[in-house]
Amino acid sequence: MILKIVKYPDPILARPGEPVTEFNDELRQLIADMFESMYAGQGVGLAAPQVGVSKRIVVIDLSVGKQPKDKLVLVNPEIIFSEGKQYQEEGCLSFPDISEKVSRAAKVRIRAQDGKGKWYEMDGEDVLARCFQHEIDHTDGIQFIFRMSALKRDLVQRKIRKLQREGKW
Ligand SMILES: [Zn+2]
């Protein structure tokens with residue numbers, strides 16, 4: 001089922017998600033629906049708060065559905081190591097048509113549980129590292145505009161307010 005994507009400035013996006021404690025059919029269904037919703041929006045990552053569920057769940061697929069092995073499920077994820085810097089364009093399904101450069105670590109190692117509750121660690125660099133950081137931020141209630149400079153954030157927020165006034169957001 002395709003779920004409705006929550007847009008900025010919905011307050012659920014600013015709230016840290018609750019940890020997941022039960023790995024049941026309900027969770028598995030939510031994860032399947034999150035993948036479907038992410039593909040529908042042509043996104044490469046999606047966090048549960050973006051579909052209105054305040055929980056620490058992330059799905060990622062850099063192939064956008066083309067490579068089954070690229071499907072990643074991160075439950076209760078955390079970044080346990082990071083190094084270097086990168087400064088690249090990012091977008092977000094909760095900020096349609098907005099894309100700005102954001103400063104991130106170049107490499108990260110994450111620790112997370114899969115859909116069955118099994119813990120694993122994984123390294124990511126470049127796009128994957130950026131995706132890990134962007135999506136794990138969502139589970140902490142941090143949206144990517146708050147990783148931009150104050151000046152850029154102000155410009156983006158002004159653009160959104162204008163779109164809101166015109167009924168286009
Ligand atoms: Zn996002």
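For the structure itself, consult the block above.
Draft legend 1. Molecular detail of the packing of aromatic side chains. In the structure shown here, the tally under the stated rule is three aromatic pairs. Measuring from centroid to centroid gives 5.0 Å for Tyr 8 and Phe 95, while their planes differ by 25°, and the two rings are stacked. Separated by 87 residues along the polypeptide, Tyr 8 in the segment before helix 1 (25-40) and Phe 95 in the loop between strand 4 (86-91) and strand 5 (99-104) bring together distant segments of the chain. As far as the burial class goes, Tyr 8 and Phe 95 line up, both buried. Clustering of aromatic rings is evident, with ring pairs tying together Tyr 8, Phe 95 and Phe 144. The ring centre of Trp 169 lies 5.4 Å from the NZ or CZ of Lys 7, which sits over that ring. Above the plane of the ring of Phe 81 lies Arg 109, whose end atom (NZ or CZ) is 5.9 Å from the centre.

Draft legend 2. A look at the pattern of salt bridges. Tallied over the full model, the rule gives 13 salt bridges. The partner of Lys 69 in a salt bridge is Asp 70, and the shortest N-O contact between them spans 3.5 Å. Overall, Asp 70 belongs to the partly exposed group, its relative accessible area being 24%. One network of salt bridges, with partners in common, ties together Glu 90, Arg 104, Asp 137 and Arg 147.

Draft legend 3. Summary view of the coordination of the zinc ion. Surrounding the zinc ion are the protein donor atoms Cys 92 (SG), His 134 (NE2) and His 138 (NE2), at 2.0 to 2.2 Å. Sequence spacing among the residues donating to the zinc ion works out to C-x41-H-x3-H. Note that Cys 92 is positioned in the loop between strand 4 and strand 5 and His 138 in helix 2 (residues 126-139), a separation of 46 residues in sequence. Under the relative-accessibility criterion, His 138 is labelled buried at 1%.

Draft legend 4. Looking closely at the nonpolar core. Within the largest apolar cluster, 15 residues are counted, with the highest numbers of intra-cluster contacts made by Ile 31, Met 34, Ile 57 and Val 59. Only helix 1, strand 2 (57-60) and strand 3 (72-83) provide two or more residues apiece to this core. Not counting residues up to four positions away in its chain, the partners in contact with Ile 31 are Ile 57, Val 59, Val 73, Val 75 and Gly 115.

What counts as what
Residues numbered from 1 in each chain as written. Predicted model: local features only at pLDDT ≥ 70, side-chain atom pairs only at ≥ 80, totals over all residues. Heavy atoms only, no water. Phe/Tyr/Trp six-rings, centres within 6.5 Å; stacked < 30°, edge-to-face > 60°. Helix = DSSP H or I, 4+ residues; strand = E, 2+ residues; numbered from the N terminus. Buried < 20%, exposed > 50% of the residue type's maximum accessible area, 1.4 Å probe, protein only. Lys NZ or Arg CZ within 6 Å of the ring centre and 35° of its normal. Salt bridge = Lys/Arg side-chain N within 4 Å of Asp/Glu carboxyl O. Donors = N, O, S within 2.8 Å, 3.2 Å for Na, K, Ca; no water. Core = buried A, V, L, I, M, F, W, Y, C linked by side-chain atoms within 4.5 Å. Contact = heavy atoms within 4.5 Å.

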